[in-house]
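A look at the structure
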Amino acid sequence: MINDDLALRDLSEVADAIAAGRITSVQATEACLERIAVWQPRTNAFLRLHKEKALEQARAMDKELAAGQRRGPLHGVPMAHKDMYYRTGEISTGGSAIRRSWVAPVTSTVLQKLDAAGVVELGFLNMAEFAAGPTGHNVHHGHCRNPWDDKRVTGGSSSGSGASVAARMVYGALGSDTGGSIRLPASACGVVGMKATYGRVSRAGAVARSWTLDHVGPLTRTVRDNARMLAVVAGQDPDDSTTSEKPVPDYEALLDGGVQGLKIGFALPDALAPVEPQIGAAVQAAADALGKLGAVIAPAKMPDFTALYRAAEVIVKCEAAAMHRPWMEADAAYANQVRTRMEAGFFIPATQYIDALRLRAHFVREFLDAAMDGVDAVMLPAIPFPVPTIEETDVEASGGPATLSMVARFTGLTRPFNTLGLPALSVPCGFDGNGAPIGLQLIGRPFDEAVLYRIGHAYQGATDHHRKVPT
Amino acid sequence: MDDKTRLAAGIAKQLQGLTYDDKRLAEIAAEVEVLNETVRKAAAQHLTFDDDPAAFASVLAKEAK
């Protein structure tokens with residue numbers, strides 16, 4: 001019971017309690033392991049659990065602390081990560097069968113940063129094959145299941161990250177986001193997910209889905225936890241030339257500014273899938289709650305997402321086809337829906353790919369000039385419909401157009417912000433008629449993650465959606 | 001096999017060294033047509049000679065808060 005209570009606490013609370021000597025890292029790790037024993041059979045969130053290694057790390061962290069050495073703000077906190085972050089000498093499957101036994105030759109920059117901050121690593125998490133899938137289906141390692149209802153999808157591609165954080169198996173997890181892969185599982189599992197600005201977090205040593213559109217980021221239970229974790233993993237990296245030299249703010253110190261006077265644009269756009277009424281009502285209620293806290297809510301002038309969305313499709317298909325070509329030519333073991341989503345990349349002319357890249361600057365300017373003119377953030381749903389079942393979104397047998405249609409419905413409100421590279425935060429804002437979570441998405445100006453955290457934190461201070469735990 | 005599917009078959013075989021059945025080629029041709037057309041139209045509407053792919057990162061940096 002004591003350990004269960006400990007597992008239910010937030011990341012920052014546990015990190016601070018370890019630092020103050022009120023609990024040990026070993027206790028926190030054992031609490032997570034007890035949760036995992038109960039929840040792993042129900043969710044299939046973990047691909048590999050490193051129980052003994054994690055306990056050994058936790059003991060080392062406790063010893064360091066006893067000697068007066070605190071590595072950083074996450075010292076002794078147990079986490080696990082999407083199985084696409086390389087660690088030297090460890091298997092890294094990328095959710096695939098192709099790399100089932102592949103051993104990484106390097107450690108990713110973000111894992112190095114978490115190590116330096118004192119994180120204990122419980123293992124690696126389920127994900128869509130090669131991060132290509134918005135639902136959490138995985139034919140090679142078993143589908144990941146939503147802790148709120150094991151018949152429903154988790155969202156993907158960071159399926160295990162969403163499920164493990166929601167089920168309180170870990171205090172935080174890294175995901176990655178090429179078209180919504182952090183925000184979709186955050187929304188469907190009822191946790192907080194941040195896709196920071198393109199260039200804010202290093203991608204070095206992480207499996208690529210699309211070099212141009214990939215974003216690395218944290219999934220956590222609260223906005224405060226997320227702010228703490230992003231501050232640790234963000235920053236310039238010589239191993240990723242696309243990272244920004246802009247200094248990383250102390251996001252956590254900026255959380256308590258409140259929303260008084262902030263202006264937030266509100267939109268329910270019908271991008272490739274209409275926003276269903278119960279989702280629209282939940283996001284409207286969130287807007288009302290923020291209004292009561294002092295924010296000024298105004299309609300957002302959203303551009304048409306169609307070209308933005310299709311430009312992203314062109315980019316991701318061309319890049320994925322190029323990187324996967326040797327395996328595709330060898331007829332390697334891909335899921336049908338993963339293979340068919342890449343194939344068009346072999347047929348798109350290079351001129352169209354280059355024009356899609358050239359259009360990005362125009363799209364960003366257009367969005368900032370229209371939707372973000374005079375506002376601090378824009379709010380909209382993350383997923384425009386209630387969380388579907390695993391069965392009704394299982395397109396493996398059909399592939400082709402059925403896959404494209406399902407992907408478009410899921411990612412219609414998230415993928416455009418990968419093209420734009422803007423920061424996007426998903427925060428729980430209620431539950432649908434089936435009892436599955438609903439996510440509110442907040443979009444900010446480039447590198448203004450801090451204002452999204454400020455809004456999300458104020459919202460969580462006034463609501464309790466994030467305090468509900470699946471049973 | 002219509003013209004677009006025939007073209008896709010030619011690209012697959014002659015340029016990419018890949019083989020697909022006719023049904024799949026027709027699906028790919030339809031998918032690529034939509035994507036190409038959207039990007040071509042957007043490019044015609046918005047891009048000029050001087051637009052550089054690297055401008056994207058510059059815009060993010062310049063517009064940063």
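All of these numbers come straight from a predicted model, not from anything done at the bench.

Moving on: the sheet that holds strand β1 (residues 46-49) of chain A. All names here are of chain A. Strand order in the open sheet formed by three strands is β1-β3-β2, with mixed pairing between adjacent strands. Of all the strands in the sheet, the pair left with one neighbour each is β1 and β2 (78-82). For this sheet, the mean angle separating the axes of adjacent strands, direction not counted, is 35°. Across three bridges, β1 lies against strand β3 (residues 120-125) in antiparallel orientation.

Quick look at the side chain of A:Ser96 now. All names here are of chain A. By the element assignment, Ser-96 lies in the loop between β2 and α5 (109-116). By relative accessible area, Ser-96 is classed as buried at 0%. Engagement of the side chain of Ser-96 in a polar contact is seen with the backbone nitrogen of Arg-99, the distance being 2.9 Å. Discounting chain neighbours no more than four positions away, the residues touching Ser-96 are Glu-129, Phe-130, His-140 and His-141.

Residues and elements named next belong to chain A. Here we have eight strands laid out as an open sheet, ordered β4-β6-β5-β10-β11-β9-β7-β8, and mixed in their pairing. The sheet is open, and its two borders are formed by β4 (172-177) and β8 (296-299), each paired with just one other strand. Geometrically, the sheet is characterised by an average inter-axis angle of 30° between neighbouring strands, direction not taken into account. Inspection of the sheet shows strand β7 (residues 263-266) paired to β8 by four bridges, in the parallel sense.

Our focus in this paragraph is the interface of chain B and chain A. The interface is formed by 34 residues belonging to chain B together with 43 residues belonging to chain A. Between chain B and chain A, roughly 3,400 Å² of surface is buried when both sides are summed, and carbon and sulfur atoms account for 68% of that area. Between the two partners, chain B and chain A, sit three salt bridges. Of the charged contacts in the structure, one is a salt bridge between A:Arg445 and B:Glu63, with a shortest N-O distance of 3.2 Å. Remark: the boundary between chain B and chain A carries ten residue pairs in polar contact (both at pLDDT 80 or more). Among the elements of the structure, α1 (3-15), α2 (22-46) and α3 (55-62) of chain B are those that each provide at least two residues to the side of chain B that touches chain A. Element by element, the count of residues in the side of chain B that touches chain A is highest for α2(B), at 15 residues.

The rules behind these values
- Residues numbered from 1 in each chain as written.
- Chains lettered and ligands numbered in written order.
- Predicted model: local features only at pLDDT ≥ 70, side-chain atom pairs only at ≥ 80, totals over all residues.
- Heavy atoms only, no water.
- Pairing = 2+ DSSP bridges.
- Helix = DSSP H or I, 4+ residues; strand = E, 2+ residues; numbered from the N terminus.
- Axes fitted to C-alpha atoms, helices over the stretch in contact; angles between N-to-C directions.
- Buried < 20%, exposed > 50% of the residue type's maximum accessible area, 1.4 Å probe, protein only.
- Polar contact = N/O pair within 3.5 Å; in protein donor to acceptor, adjacent residues only side chain to side chain.
- Contact = heavy atoms within 4.5 Å.
- Buried area = accessible area lost by both parts, 1.4 Å probe.
- Salt bridge = Lys/Arg side-chain N within 4 Å of Asp/Glu carboxyl O.

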